[in-house]
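# Notes for the structure review
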Amino acid sequence: MLDIIISIFLILGAGFALVGSIGLVRLPDFYTRLHGPTKATTLGLGALLIASMVYFSSRGEVSLHELLVTLFLFMTAPVSAHLLAKAALHLRVRSEVDLPEDDVKKP
Amino acid sequence: MKIVKRLLPHPIFSLVLLVVWLLLNNTLSAGHILLGSVIALVLPWVTASFWADQLHLHKPGLALRFLLLVLWDITVANIQVAKLILSPRRKLRPAFVRYPLDMDNDFAITVLAATISLTPGTVSIDVSGDHRTLLVHGLDVDDEAALIAEIKSRYEAPIKEIFGC
């Protein structure tokens with residue numbers, strides 16, 4: 001029974017990570033691609049971590065490391081996405097829609 | 001009371017440090033609780049000069065409810081974005097949206113920006129120099145005004161209430 005639960009979470013997690021990667025390939029420009037790593041993969045990783053927590057806890061030792069991974073991920077993912085986007089905007093990376101003008105000074 | 005305040009300038013920060021230390025070591029042994037407590041006491045003190053104006057948690061209960069709401073929204077966001085990525089013919093309507101901020105505390109804005117980045121189809125990009133607007137990129141924006149209104153009522157209002165600013 002536990003094996004089934006763990007397997008479901010593992011497959012779910014891997015599936016979302018895969019969707020995130022497909023997003024990287026399919027989305028049209030840099031700014032839309034940013035959405036992949038901040039979204040689709042957070043849930044993927046979350047599911048994998050739940051699976052890991054259930055698996056190691058079922059072997060007698062309560063394992064809560066995974067909560068920390070989640071915490072650090074939730075703190076770092078927005079920051080890295082923010083910095084990538086800001087850098088891209090500064091370099092005027094090509095976008096499908098018009099870039100906002102006055103936020104960044106042109107070189 | 002004064003001594004407690006001097007020893008513990010950031011009680012919540014100290015508590016989080018202790019919990020993180022114990023989680024890192026995956027143990028509840030007396031030695032690690034002692035070591036963790038020392039770290040929890042010393043670190044806020046050493047980093048005190050880096051802390052800007054301090055915010056107080058006015059409504060811890062609401063903060064917890066907000067956290068659960070955000071976790072739920074993250075789950076929904078993932079499924080929505082997954083759908084957007086996988087549906088073949090749908091034309092995306094990405095857009096840059098200027099979001100008018102109602103608060104000007106750095107920490108509160110940081111919390112809001114992180115929340116926006118983690119939830120449905122939006123990533124926060126930049127905050128203007130005067131702390132008035134937040135530049136947000138939406139993956140599939142139907143109606144700018146609706147998006148702004150949703151962020152305002154769903155995330156900014158609770159954050160304002162939690163920190164009382």
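The structure displayed is predicted, hence computed values, not measured ones.

## Brief notes about the packing of helix H5 (residues 106-118) of chain B against helix H6 (residues 144-163) of chain B
Residue and element names in this part refer to chain B.
- The interhelical angle for the contact between H5 and H6, taken along N-to-C directions, is 145 degrees, at an axis separation of 10 Å. The hand of the H5/H6 crossing is right-handed. Residue-level contacts link Phe107, Ala108, Val111, Leu112, Thr115 and Ile116 of H5 to Ile151, Tyr155, Glu156, Ile159 and Phe163 of H6.
- Of the residues in the contact of H5 with H6, the class split is 9 nonpolar, 1 polar and 1 charged.

## Focus on the side chain of Asp29 of chain A
Residues and elements named next belong to chain A.
- Tracing the backbone through its elements, the reader meets Asp29 in the loop between helix H1 (2-26) and helix H2 (30-33).
- A distance of 2.7 Å separates a polar atom in the side chain of Asp29 from a polar atom in the side chain of Thr32.
- In contact with Asp29, other than residues within four places in its own chain, are Arg94, Ser95 and Glu96.

## Brief notes about the sheet that holds strand S2 (residues 122-127) of chain B
All names here are of chain B.
- Taken in spatial order, the 3 strands of this open sheet run S1-S3-S2, and their pairing is antiparallel. Lying at the two open borders of the sheet, with one neighbouring strand each, are strand S1 (95-100) and S2. With direction set aside, neighbouring strand axes in the sheet form an average angle of 30 degrees.
- With 6 bridges joining them, S1 and strand S3 (residues 133-138) adopt antiparallel strand pairing. Within the sheet, the bridge partner assigned to Val97 lies in S3 and is Val136.
- Each of S1, S2 and S3 touches H5; the most contacted strand, S2, lies at about 145 degrees to it.

## Considerations on the pairing of S3 of chain B
Residue and element names in this part refer to chain B.
- Counting buried residues in S3 gives 5 out of 6 residues, a clear majority hidden from the surface.
- Bridge analysis of S2 against S3 gives 5 bridges, and the strand direction is antiparallel. For Thr122, the partnering residue across the bridge sits in S3 and is Gly138.
- In this structure, the hairpin formed by S2 and S3 is closed by a connection of 5 residues, where His131 is found at a positive phi of approximately 60 degrees.

## Describing the packing of aromatic side chains
- Evaluated as defined, the whole model comprises 4 aromatic pairs over all chains.
- On the basis of an interplanar angle of 75 degrees and a centroid distance of 5.2 Å, the ring pair of Tyr31 of chain A and Phe96 of chain B is categorised as edge-to-face. Taken together, the positions of Tyr31 of chain A in helix H2 and Phe96 of chain B in strand S1 put the pair across two chains. Both residues of the pair, Tyr31 of chain A and Phe96 of chain B, belong to the buried class.
- Centre to centre, the rings of Tyr55 of chain A and Phe56 of chain A are 5.1 Å apart; their planes meet at 80 degrees, and the pair counts as edge-to-face.
- Of the aromatic side chains, those joined through ring pairs into one cluster are Phe30 and Tyr31 of chain A together with Phe96 of chain B.
- Sitting over the ring of Tyr99 of chain B, Lys152 of chain B keeps its end group 4.9 Å from the ring centre.

## Considerations on the interface of chain B and chain A
- Counting residues at the interface gives 36 residues for chain B, matched by 40 residues for chain A.
- Buried surface at the junction of chain B and chain A, both sides included, amounts to about 3200 Å², of which 72% is carbon and sulfur.
- On the chain B side of the contact with chain A, Asn78, Ile85 and Phe96 of chain B bury the most area, a combined 19% of that side's loss.
- The tally of links between chain B and chain A comes to 1 salt bridge.
- Here Asp126 of chain B makes a salt bridge to Lys86 of chain A, at a shortest N to O gap of 3.4 Å.

## What to know about the confidence of the model for chain A
- Of the residues in chain A, 90% have a pLDDT of 70 or more, and the chain-wide mean is 79.
- Confidence over residues 103-107 of chain A falls short of pLDDT 50; this stretch has 6 contacts with residues more than four positions distant or in other chains.

Calculation notes
Residues numbered from 1 in each chain as written. Chains lettered and ligands numbered in written order. Predicted model: local features only at pLDDT ≥ 70, side-chain atom pairs only at ≥ 80, totals over all residues. Heavy atoms only, no water. Axes fitted to C-alpha atoms, helices over the stretch in contact; angles between N-to-C directions. Helix = DSSP H or I, 4+ residues; strand = E, 2+ residues; numbered from the N terminus. Left-handed = near helix turned anticlockwise from the far one by under 90°. Contact = heavy atoms within 4.5 Å. Nonpolar A, V, L, I, M, F, W, Y, C, P; charged D, E, K, R; others polar. Polar contact = N/O pair within 3.5 Å; in protein donor to acceptor, adjacent residues only side chain to side chain. Pairing = 2+ DSSP bridges. Buried < 20%, exposed > 50% of the residue type's maximum accessible area, 1.4 Å probe, protein only. Phe/Tyr/Trp six-rings, centres within 6.5 Å; stacked < 30°, edge-to-face > 60°. Lys NZ or Arg CZ within 6 Å of the ring centre and 35° of its normal. Buried area = accessible area lost by both parts, 1.4 Å probe. Salt bridge = Lys/Arg side-chain N within 4 Å of Asp/Glu carboxyl O. pLDDT = per-residue confidence, 0-100.

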